[in-house]
Amino acid sequence: MHQLNINKNAANVCDLAYLTEIMAGKKTLIKGIMDRFLIQIPEELSNLKNAIAEEKYASIQSYAHTMKSSVSIMGITTLTPILKLMEDLAKLGLDIKKIEELNKQLNTICNKALSEITNESVGYL
Amino acid sequence: MKTPINIFIVDDNQLFAMSLKADIETTFADRPIKISLFEIGEKCMDRFKRSTPQLVILDYYLNTNHPSAANGIKVLDWIKKENADTYVIILTGDDNIDVAVKSFQHGASDYIVKTETTFKKINYSLLNMFNVMEARNDVRRYKRLLRLLFLCVAFFIGGVTAIFIYAR
């Protein structure tokens, strides 16, 4: 059975233990979720970027909220407080500079996660 | 073979919906379950008329990708109007008591806040609902049996009475 090397490296942002547990280790299911993650996260980041550029607080709140569920499936726990703060600030409709700063952190971590999942998904072919 | 339990999942986060579907299928691998996914309530209702589900797992916020999409409460109202017997579990990322109260007032069977343990909570809720469904099916079966038994007794008494009258 394919080993989840991604969990063994502390420097990684993803922890696939949860995904593996809920999918009962079924490789085809895990691969399907990984593929969806690789499609959906860039879309969500792009939507969020546009909403921030246009200072649409309701959209920022909505996208940040959706992303919380998306990233939690891949065990990216470092993003939970970032997204939560983005959502809270957007809800109050203030501090776009702080939101932009948080968005930079979000993009950095998500790009790392996308790279990890891309490499990991090769083992599920 | 048992008829599969028909479940609809309505959530605009496809990654979440796909993961939830796989998790339910894994957890209840011993039960025949058919799960369909919908991004918005409008699409769910189109299908609802053709294949009524026993259970719907419905996200409260459905307008992330489609700003004009109906919210969960509106979809819940449609579902209950179409078939009051369908169980509906409302999902939300907000731990907001108003949303919870509103969901129950509109006929939701359960209300679950999305957290790290969402899938476990949903599965627990599903298990309870499956048990209720089975209990209701048992009640229906016993009622049918009782009706049959009553008919047999009535037929027997009628027959005996007829024979008695004829014999006199």
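Above this text is the structure in question.
Engineer: Would you mind showing me how to read the nonpolar core here?
Structural biologist: If you look at the biggest cluster of nonpolar residues, it comprises 70 residues, and the most contacted ones within it are A:Ile33, A:Ile60, A:Met74, B:Val10, B:Leu58, B:Val88 and B:Ile89. Ranked by residue count, the leading element in this core is helix α2 (residues 27–53) of chain A, at nine residues. Not counting residues within four places of it along the chain, the set of residues in contact with A:Met74 comprises A:Cys14, A:Leu16, A:Leu19, A:Phe37, A:Ala113 and A:Ile117.

Engineer: Help me out: how do you make sense of the interface of chain A and chain B in this one?
Structural biologist: Interfaces are often described in size by the accessible area the parts lose on coming together. Listed as interface residues are 18 residues of chain A and, on the opposing side, 15 residues of chain B. Mapped onto the side of chain A that touches chain B, the elements with two or more residues apiece are α2 and α3 (57–73) of chain A. Examining the composition of the side of chain A that touches chain B, we find that nine residues originate from one element, α3(A), more than from any other. Looking at the side of chain A that touches chain B, its residues break down into eight nonpolar, eight polar and two charged.

Engineer: I would appreciate a short explanation of the packing of helix α2 (residues 41–48) of chain B against helix α3 (residues 72–82) of chain B in the present structure.
Structural biologist: For any two helices packed against each other, the geometry comes down to the angle between their axes and how far apart the axes lie. Residue and element names in this part refer to chain B. Interhelical geometry of α2 versus α3 gives an angle of 10° and a closest axis separation of 10 Å. For the element pair α2 / α3, the angle class is roughly parallel. Every residue of α3 that contacts α2 at Gly-41, Cys-44, Met-45 and Phe-48 is listed here: Lys-74, Val-75, Trp-78, Ile-79 and Glu-82. Here the residues of the contact of α2 with α3 sort into six nonpolar, one polar and two charged.

Engineer: Where do I start with helix α4 (residues 79–92) of chain A in this structure?
Structural biologist: Along an α-helix, residues three or four apart share an orientation, since each turn contains 3.6 residues. All names here are of chain A. Compared with the 20 Å implied by 1.5 Å per residue over 14 residues, the 20 Å span of α4 between its first and last C-alpha is a close match. Inspection of α4 places Leu-79, Ile-82, Leu-83, Met-86, Glu-87 and Ala-90 among the buried residues, and these make up the whole buried set. Looking down the long axis of α4, one finds its buried residues gathered within 130° of arc, a one-sided arrangement. The exposed residues of α4 that point more than 90 degrees off its buried face are Pro-81, Asp-88 and Leu-92. On the buried face of α4, the contacting elements are α3 and α5 (96–122).

Engineer: What is the right way to look at the pairing of strand β5 (residues 110–113) of chain B in this model?
Structural biologist: Two faces make up the sheet, and in a regular strand the side chains alternate between them. All names here are of chain B. One ladder, built from four bridges, connects strand β4 (residues 87–92) with β5; its direction is parallel. Paired with Thr-92 across the strands is Val-113, a residue of β5. Remark: the β4/helix α4 (residues 97–105)/β5 crossover connection has right-handed handedness.

Engineer: What am I meant to see in unusual backbone geometry here?
Structural biologist: Note: most peptide bonds trans; most residues except glycine with negative phi. Residues and elements named next belong to chain A. Its identity as a non-glycine residue notwithstanding, Ala-24 has a phi of 50°, on the positive side. Locating Ala-24 in the fold gives a position in the loop between α1 (17–22) and α2. At Glu-55, a residue that is not glycine, the phi angle is positive and equals roughly 55°. Relative to the elements of secondary structure, Glu-55 occurs in the loop between α2 and α3. Accessibility expressed as a C-beta count within 10 Å gives 12 for Glu-55, which makes it exposed.

Engineer: Is there a simple way to think about the sheet that holds strand β3 (residues 55–59) of chain B in this case?
Structural biologist: Hydrogen bonds along the backbone pair up the strands of a sheet, which may run parallel or antiparallel. Residues and elements named next belong to chain B. Pairing is parallel across the open sheet formed by five strands, whose spatial order is β2-β1-β3-β4-β5. The sheet is open, and its two borders are formed by β2 (33–38) and β5, each paired with just one other strand. The average angle at which neighbouring strand axes cross in this sheet is 20°, direction not considered. Across four bridges, the pairing between strand β1 (residues 5–10) and β3 is parallel. When the bridges of β3 are listed, Ile-9 appears paired with Ile-57.

Engineer: How should I be thinking about the packing of helix α1 (residues 14–27) of chain B against helix α5 (residues 118–167) of chain B in this particular structure?
Structural biologist: All names here are of chain B. Taken N-terminus to C-terminus, the directions of α1 and α5 make an angle of 50°; their axes are 10 Å apart at the nearest point. Relative to α5, the element α1 lies oblique. Our pair here, α1 against α5, has a crossing hand that is right-handed. Contacts between α1 and α5 involve Leu-20, Asp-23, Ile-24 and Thr-27 from the first element and Phe-119, Ile-122, Asn-123 and Leu-126 from the second.

Thresholds applied
- Residues numbered from 1 in each chain as written.
- Chains lettered and ligands numbered in written order.
- Predicted model: local features only at pLDDT ≥ 70, side-chain atom pairs only at ≥ 80, totals over all residues.
- Core = buried A, V, L, I, M, F, W, Y, C linked by C-beta atoms within 7 Å.
- Buried ≥ 20, exposed ≤ 12 C-beta atoms within 10 Å, placed from the backbone.
- Helix = DSSP H or I, 4+ residues; strand = E, 2+ residues; numbered from the N terminus.
- Contact = placed C-beta atoms within 7 Å.
- Nonpolar A, V, L, I, M, F, W, Y, C, P; charged D, E, K, R; others polar.
- Axes fitted to C-alpha atoms, helices over the stretch in contact; angles between N-to-C directions.
- Parallel < 35°, antiparallel > 145°, perpendicular 65-115°, else oblique.
- Expected span 1.5 Å × (residues − 1).
- Arc of directions from axis to C-beta.
- Pairing = 2+ DSSP bridges.
- Right-handed = clockwise from strand over helix to strand, strands pointing away.
- Left-handed = near helix turned anticlockwise from the far one by under 90°.

Interpretation in functional terms is not warranted from these geometric data alone.
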